[in-house]
Structures are given as structure tokens and as C-alpha cells.
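Given next are the chains, with one letter for each unit.
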Amino acid sequence: MDCIFCKIASGEIPSKKVYEDDRVCAFCDLDPQAPVHVLIIPKKHISSIMELDEENADVVSHVFLVAKRLAGELGLEKGFRIVSNCGEDGGQSVLHLHFHLLGGRSMKWPPG
Ligand code: AMP
């Protein structure tokens, strides 16, 4: 499958990985929107939230536990934001489920 995040997960495309286990990996975003901007992805290809079901959704709770761990390791004690853009109106540009972990600055709301 021609998916850039599958290739990052497999190591075929280089990335700055900050975490990896058998189910997920996390790496620095190429175009950071905050001092800390990490993408956490399931290794198994899931296109977006819209492709989640009872069979594959467990990985999402694991992603959040990894996010919590990374927030501690990356100095985000003051807080952080997790975003998963979904579909065209959601601004999703890479069609492999991913969660942006953003921190290191004060976040605005609404995000626009
Ligand atoms: P989204 O727009 O929510 O689909 O987010 C996709 C994110 O992937 C963007 O923030 C991009 O900067 C990031 N991105 C795209 N290609 C790479 C790459 N090769 N390594 C790291 N981040 C990437």
C-alpha cells in the first residue's frame, strides 16, 4: 500500500521516532505547529476515525496512554492538545489514522 505513514511505521521512510512498540509508533511532525508536535499512529493501516469499528478500536485507547506517557517525557506538565483530523472538512491530509500531540505553548480555542 502506498501510504507514507505505513512506510514511516515500517522504517522504509525515515522519521524522528520518539516512541515505538508492537502496536503504535510516534514521531515528530515535519512541519511542527508547536514546540512539541508529535504524531502517534497505529502501525496497522486504518484510514481515519471513520474506519474504526469494534475489531480495531482498542488501539485508540493505547494511543492515548502513549500520549500521556510522552506528555510526561516531553515536559508537557502544563498541558497539551490531542487532535485527530478526519476527512476533507476536518483537514485530514494523510489518510492513515493519526493523533497530533501538541504542546509547549498556550493553545487557542476554537482552532479555526
Ligand atoms: P493531517 O493534516 O491531520 O492529516 O496531518 C498530517 C501531518 O503529517 C501534517 O502535520 C504533516 O506535517 C505531517 N507529515 C506529513 N509527512 C510527514 C513525514 N514524512 N514525517 C513527519 N510528518 C509528516
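Values in this document were obtained by computation on a predicted structure and should not be read as measured data.

A. The site of the ligand, seen in detail. Close to the ligand lie 16 residues; Asp-29, Asn-85, Ser-93, His-98 and His-100 are nearest. One of the backbone N or O atoms of Gly-91 is found 3.2 Å from an oxygen atom in the ligand. A distance of 2.7 Å separates an oxygen atom of the ligand from a polar atom in the backbone of Ser-93. Relative to its unbound accessible surface of 500 Å², the ligand loses 83% to contact with the protein. If you map the ligand onto the pockets, it falls in the largest pocket.

B. Seen up close, the sheet that holds strand β4 (residues 80-83). Reading across the sheet, the five strands line up as β1-β2-β3-β5-β4 and stay open at both edges, with antiparallel pairing between neighbours. Each edge of the sheet is formed by a strand with only one pairing partner; in this case those strands are β1 (17-20) and β4. Geometrically, the sheet is characterised by an average inter-axis angle of 20° between neighbouring strands, direction not taken into account. The pairing of strand β2 (residues 24-28) with strand β3 (residues 36-42) spans five bridges and is classified as antiparallel. Looking at β3, one finds that Val-24 is bridged to Pro-42.

Calculation criteria
Position numbers for residues start from 1 in each chain and track the written sequence from start to end. Local features in this predicted model are restricted to residues of pLDDT 70 or higher, and side-chain atom pairs are both shown and tallied only at a pLDDT of 80 or more, whereas totals for entire chains, interfaces and linings draw on every residue. As a rule here, side-chain values cover all heavy atoms of the structure and leave hydrogens and water aside. Here a residue is considered near a molecule or strand provided that any single heavy atom belonging to it is located within 4 Å of it. N or O atoms closer than or at 3.5 Å make up a polar contact, with two conditions inside protein: a donor-capable atom paired with an acceptor-capable one, and, for residues adjacent in sequence, both atoms drawn from side chains. Here the open area of atoms and residues is found with the Shrake-Rupley method and a 1.4 Å probe, where only the protein chains shown may cover a residue. Cavity: a set of points on a 1 Å grid over the protein atoms alone where a 1.4 Å probe fits but cannot get out. Pocket: an open set with protein on both sides within 12 Å along at least five of seven lines, its lining residues, like those of a cavity, having an atom within 4 Å of a point. Throughout, a molecule is located in a cavity or pocket provided that more than half of its atoms lie within 2 Å of its grid points. Two strands are counted as paired when DSSP detects at least two bridges linking them. In DSSP terms, a helix is any run of H or I states spanning at least four residues, a strand is any run of E spanning at least two, and both are numbered starting from the N terminus. A fitted line through C-alpha atoms represents every axis, and for helices the fit uses only the stretch in contact; the resulting angles, taken between N-to-C directions, go from 0 to 180 degrees.

Everything listed here is a matter of coordinates, which is why it stays silent on function.
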